[in-house]
Each structure stands twice: as structure tokens, then as C-alpha cells.
Amino acid sequence: MIVDDASCELVALFADLDAQKLFERLVERGQESARQCVRTFRWRSVRDPRRDPVWSDPVAALRPFLALDIRYLIVWDHRGSGAEKLSTAESEARVFERLEQAGVQRDRVLPIALAPELESAFVPVWDRVKQSLASRRKRPVPNDREILQAARRRNPLPDDFDSALAAAPKEVVAGLFDVLQLRRSAVLYEGLGDEISLPRMKTHLALTRIAETLATWFPYSPRTNP
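Summarised in this report is the structure supplied together with it. The structure displayed is predicted, hence computed values, not measured ones.

Rules of the game
- As a convention, each chain's residues are numbered from 1 in the sequence order in which they are written.
- This being a predicted model, a pLDDT of at least 70 is required before a residue's local features are given, and a value of 80 or more before pairs of side-chain atoms are given or counted; all residues contribute to the totals for chains, interfaces and linings.
- Side-chain numbers here rest on the full set of heavy atoms in the structure, without hydrogens or water.
- Helical segments are the DSSP runs of H or I of at least four residues, strand segments are the runs of E of at least two, and each set is numbered from the N terminus.
- Burial here depends on accessible area, computed with a 1.4 Å probe over protein chains only, as a share of the maximum for the residue type. Under 20% is buried, over 50% is exposed, and the range in between is partly exposed.
- A contact between two residues is defined here by any heavy atoms of the two lying within 4.5 Å.
- What makes two strands pair is DSSP finding at least two bridges between them.
- A crossover counts as right-handed when, viewed with the strands pointing away from the observer, the path leading from the first strand over the helix to the second turns clockwise.
- Remark: nonpolar core denotes a set of buried residues (Ala, Val, Leu, Ile, Met, Phe, Trp, Tyr, Cys) joined through side-chain atoms within 4.5 Å.
- Each axis is a line fitted through C-alpha atoms, taken for helices only over the stretch in contact, and angles between the N-to-C directions span 0 to 180 degrees.
- An angle counts as roughly parallel when it lies under 35 degrees, as roughly antiparallel when it exceeds 145, as roughly perpendicular when it falls between 65 and 115, and as oblique in every other case.

Looking only at helices and strands, the protein chain has ten helices and four strands in total. In the protein chain, the order of α-helices and β-strands from amino to carboxyl end is β-α-β-α-β-α-β-α-α-α-α-α-α-α. Counting only C-alpha atoms, the protein chain reaches 50 × 45 × 25 Å along its principal axes. Residues counted as buried form 51% of the 226 residues belonging to the protein chain. Long-range contacts, defined as pairs at least 24 residues apart, comprise 76% of the intrachain contacts of the protein chain with a sequence gap of at least 6.

Below, the structure written as C-alpha cells:
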């Protein structure tokens, strides 16, 4: 459960509000007893006002929590972070280094650079994303060709939809918003976090890492999830 006090077992640091709201719902759903993914645990959700450069100095935002014997999850978009000349592994290694220098053991840290960005997590659940957002407007689910055409009005993208979605998921999602005449907001991302399939999202490499690490840190037991 998300808490606001110091009695937490994990602090999750996000670079933007969309990611924060999406992951809050995903992590909370993972603690439901019926899913048996992880046990219930107390955690803080924190957003770094500096946004994606969080990878270069995670200590600044996490400093109030570094004296606690807890775990740390740090999530940011690789694209736009200033680390594009590095691989995701290299930028994640910088987070390990910074926190180790601050006295945090490596096995208590999980840095996640989302490549190219947060919306890549929607690729395995794309049909459900379309259905969920279309239902907000009480409209038929748009087809991918229509979405791609809308997205290409803003940005140069590949002609093939699957290629465009893989290479530029944020731009394709923006095209979906345009078709549905929706204004992008963290509220919509929070709603998606409640509705999209957790098992299907776990086929995304970064989300697999998060799910597996949380399961290691907070293993499920019927005794801890009454």
C-alpha cells in the first residue's frame, strides 16, 4: 500500500507524473491476494521535479530516505533523459554507482530506463489501451491505420504501424489521443494502470524486471496477504 510516512519498505522514484500514476496502479494491483504476485508492502511514491535527468543524480531526490533500511526503484524514460549516447544498461549503471557512493547496497536498488520511453510498455497491451481510451469518449475503437495517419501529421514515422509503434510509442499514443479527441493527462494513465492486463504487460522486458525484482524483495505468502 502507498504511504506518506517513513514506515515504508520501498521508495519508488519516477521522472514524470504519467509514469508515476501508471506504476502506482500496477504495483498496487500486484499486491492483491488473488494475483499472488507479491505480498502486501508499504511504499512511498515520489516524483523528481527534474524529470528524466533523475538517472544522473538519484541521490538528490532520495536523500530523505537514504538512512532507511529499505529498497529503491528508480524509473525514467531513456529518450529525452540526456543519456541517449549511453545504452540503457550504462545509464542504469550510473544509478547503481551514485547510490553505492551514498552508502546504499546494490542489491537494494532497481534502476529502470524505459526504452525508448514509458509508452513502450503499452505495446503488448495495445488493443486494450485503445479500447480503454475509446470507452472514455464512448466511441468505437479506432483502427491502427487511422491512428498512424494522425500520428504522422505531427511526426515523421514509418509507414508500417507495428514498426512505428515499436520505434516511437509516445508519438503513436499521441495519435490515438488525437483521433479520440482526448487531452493527454496523468488521469488517463492512471486509468490504464487499472485496466490493462498485468500478465501481458510483464512480457515487456522492463516490466518483467520490475515484477521479478519485487517478487524477490517482497515474496508472496498467504500469511502476509490475508
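With that settled, the discussion passes to helix 8 (residues 186–195). Here helix 8 has its buried residues at Ala186, Leu188, Tyr189, Gly191, Leu192 and Gly193. In this structure, the buried residues of helix 8 make contact with helix 1 (17–30), helix 4 (126–137) and helix 7 (169–180).

It is worth spelling out the pairing of strand 1 (residues 10–14) at this point. For strand 1, the buried fraction is high: five of the five residues fall into the buried class. As paired strands, strand 1 and strand 2 (residues 43–47) are joined by five bridges and run parallel to one another. Within the sheet, the bridge partner assigned to Leu13 lies in strand 2 and is Val46. Taken together, strand 1, helix 1 and strand 2 form a β-α-β motif whose crossover is right-handed. In this sheet, strand 3 (residues 71–77) lies alongside strand 1 in parallel orientation, the contact comprising five bridges. Across the sheet, Phe14 pairs through a bridge with Val75, a residue of strand 3.

Ranked by internal contacts, the top residues of the largest apolar core, which has 52 residues, are Phe23, Trp126, Val129, Leu133, Ile196 and Leu214. Residue contributions to this core peak at six residues, all from helix 7. Ignoring anything within four residues of it in the chain, the contact list for Leu214 reads Leu10, Val27, Val38, Phe41 and Pro219. By size, the runner-up hydrophobic cluster in this structure holds 24 residues, among which are Val46, Leu62, Leu99 and Ala113.

Most of the time, phi is negative for any residue but glycine, and the peptide bond is trans. Of note, the bond from Ala115 into Pro116 is cis; its omega dihedral lies within 30 degrees of zero at -5°. Looking at the element boundaries, Pro116 is found in the loop between strand 4 (109–114) and helix 4. Phi is positive for Gln181, close to 55°, though the residue is something other than glycine.

This part takes up the packing of helix 5 (residues 144–152) against helix 7. Packing of helix 5 against helix 7 leaves a shortest axis separation of 7 Å and a crossing angle of 105°. Between helix 5 and helix 7, the interaxial angle falls into the category roughly perpendicular. Together, Glu146, Ile147, Ala150 and Ala151 of helix 5 and Glu171, Val172, Gly175, Leu176, Asp178 and Val179 of helix 7 make up the contact between the two elements.

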